[in-house]
Amino acid sequence: MDKKVILITGGATRLAKELAKSLVSDNYLVIVHYNQSENDANLLKEELGRSCEIIQYNFLDNESKVFFEKVLSKFGRLDIIINAASIFSKQSLGEIDEKMIENYNIIHSNVPLLLTIYLYEHLVIRNERGSVINFTDAGLNRPSLNRIPYFLSKSSLSFQTKLLAKELAPYVRVNELAPGLIMPNNKDKDYFAKMEDKIKLGLGSYDDIIFSVNYLLNAKYITGEKIKVDGGLYF
Ligand SMILES: NC(=O)c1ccc[n+]([C@@H]2O[C@H](COP(=O)([O-])OP(=O)(O)OC[C@H]3O[C@@H](n4cnc5c(N)ncnc54)[C@H](OP(=O)(O)O)[C@@H]3O)[C@@H](O)[C@H]2O)c1
């Protein structure tokens with residue numbers, strides 16, 4: 001059987017990079033999208049060889065159709081999208097402006113929406129079935145005021161998951177994966193350390209994410225669902 005082709009957005013670094021490696025070892029063909037991390041993307045391509053292609057696109061350039069066509073040209077088809085690209089910064093209420101809100105929405109909601117629609121159209125033409133996994137955040141259950149554009153745009157992605165699951169079936173299953181405290185960035189290390197004892201199952205690791213992604217990819221009768229991977233931190 002032909003290998004399935006997966007696009008992972010924001011896949012050259014951190015969580016999604018580990019996921020890309022695991023998917024290649026599970027016999028998928030992986031297209032790793034990156035924006036600024038060209039070096040990391042090249043190293044990953046070198047490590048993963050012919051099962052991996054890389055592609056650059058800044059979501060803020062608003063050329064998602066062109067980007068999608070380039071993605072298709074890599075292996076001649078696409079079956080699955082993992083929407084993982086993200087921005088994550090703290091700001092006070094006074095720092096929030098139109099541009100910031102717009103950028104968060106473009107990255108977390110607009111581009112994932114367009115890519116999912118393009119995948120659907122592509123699968124209808126091929127008369128094949130595929131799926132989309134949207135990375136949101138378990139913290140949506142208890143959002144904080146210091147990241148309003150982040151939580152609003154991720155909750156839009158969460159809502160989109162259910163809406164599209166209904167509209168695009170049976171061609172595309174659309175599910176949501178909501179990580180908890182998995183991989184800190186440099187600014188979050190102290191917070192993660194402080195929270196470790198407060199989470200009954202401790203901190204998570206990228207293996208926990210990979211396990212759940214594999215489940216969603218194989219669960220052919222599941223759509224419009226959310227899996228929280230947070231060790232019971234948020235209910
Ligand atoms: N890490 C965690 O513990 C955690 C917790 C909750 C939720 N999540 C979610 O899980 C996913 C992966 O997490 P992560 O921490 O590994 O992600 P991340 O480091 O915050 O971001 C992933 C990638 O998004 C890309 N990106 C940023 N701005 C972009 C733009 N304008 N255009 C295109 N791509 C852009 C970046 O690509 P370049 O580097 O190439 O520029 C970056 O490598 C994210 O959706 C995140 O929200 C993670």
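Residues numbered from 1 in each chain as written. Predicted model: local features only at pLDDT ≥ 70, side-chain atom pairs only at ≥ 80, totals over all residues.

Enquirer: Even after reading the chapter, I still don't get the pairing of strand E5 (residues 130-135), so can you show me in this structure?
Expert: Side-chain direction in a regular strand flips from residue to residue, so the side chains alternate between the two faces of the sheet. Counting buried residues in E5 gives six out of six residues, a clear majority hidden from the surface. A two-sided burial pattern is seen for E5, the buried positions comprising Gly 130, Val 132 and Asn 134 on one face and Ser 131, Ile 133 and Phe 135 on the other. With respect to chirality, the unit in which strand E4 (residues 80-83) leads through helix H4 (residues 98-126) into the neighbouring parallel E5 is right-handed. With six bridges connecting them, E5 and strand E6 (residues 172-179) associate as parallel partners. Along E6, the bridge assignment pairs Gly 130 with Val 172. (Buried ≥ 20, exposed ≤ 12 C-beta atoms within 10 Å, placed from the backbone. Helix = DSSP H or I, 4+ residues; strand = E, 2+ residues; numbered from the N terminus. Right-handed = clockwise from strand over helix to strand, strands pointing away. Pairing = 2+ DSSP bridges.)

Enquirer: What is the right way to read the environment of Leu 164 from this model?
Expert: Mapped onto the elements of the fold, Leu 164 is located in helix H5 (residues 148-168). C-alpha separation for the pair Leu 164 and Glu 121, spaced 43 residues apart in sequence, amounts to 13 Å.

Enquirer: Please clarify how the site of the ligand should be interpreted in this entry.
Expert: Close to the ligand lie 25 residues; Gly 10, Arg 14, Asn 35, Ser 37 and Ile 182 are nearest. The leading source of residues in the shell around the ligand is helix H1 (residues 14-25), at three residues. In terms of residue class, the shell around the ligand is made up of 16 nonpolar, seven polar and two charged. (Near = placed C-beta within 6 Å. Nonpolar A, V, L, I, M, F, W, Y, C, P; charged D, E, K, R; others polar.)

Enquirer: Just to check I follow, could you spell out the nonpolar core for this structure?
Expert: Here is a general trend for soluble globular proteins: nonpolar side chains tend to be buried in one another's company. Among the nonpolar cores identified, the biggest contains 58 residues, and Ile 6, Ile 8, Leu 19, Ala 20, Val 30, Val 32 and Ile 82 are the most heavily contacted of them. Counting residues per element, this core draws most heavily on H4, at seven residues. Ala 20 has contacts with Ile 8, Gly 11, Val 30, Val 32, Leu 44 and Cys 52, leaving out every residue within four places of it along the chain. (Core = buried A, V, L, I, M, F, W, Y, C linked by C-beta atoms within 7 Å. Contact = placed C-beta atoms within 7 Å.)

Enquirer: What should I look at first to understand H5 in this one?
Expert: Turn by turn, an α-helix covers 3.6 residues, leaving residues three or four places apart pointing in a common direction. Taking 1.5 Å of rise per residue, the 21 residues of H5 would be expected to cover 30 Å, and the 29 Å separating its terminal C-alpha atoms lies within 8% of that figure. Those residues of H5 that fall on the buried side of the exposure criterion are Pro 149, Tyr 150, Phe 151, Ser 153, Lys 154, Leu 157, Gln 160, Thr 161, Leu 164, Ala 165 and Leu 168. Those residues of H5 hidden inside the fold are in contact with H4, E5 and E6. (Expected span 1.5 Å × (residues − 1).)

Enquirer: Would you mind showing me how to read the sheet that holds E4 here?
Expert: The pairing of strands in a sheet comes from backbone hydrogen bonds and takes either a parallel or an antiparallel form. The seven strands lie next to each other as E3-E2-E1-E4-E5-E6-E7, forming an open sheet whose pairing is parallel. The open sheet has two edge strands with one neighbour each: strand E3 (52-56) and strand E7 (226-229). Direction aside, the axes of adjacent strands within the sheet are offset by 20° on average. In the sheet, E4 pairs with E5 via four bridges, with the strands oriented parallel. Its bridge partner lying in E5, Ile 81 is registered against Val 132. Strand contacts of helix H2 (residues 38-48): strand E2 (29-34) and E3, with the helix running at about 165° to E3, the strand carrying the most contacts. (Axes fitted to C-alpha atoms, helices over the stretch in contact; angles between N-to-C directions.)

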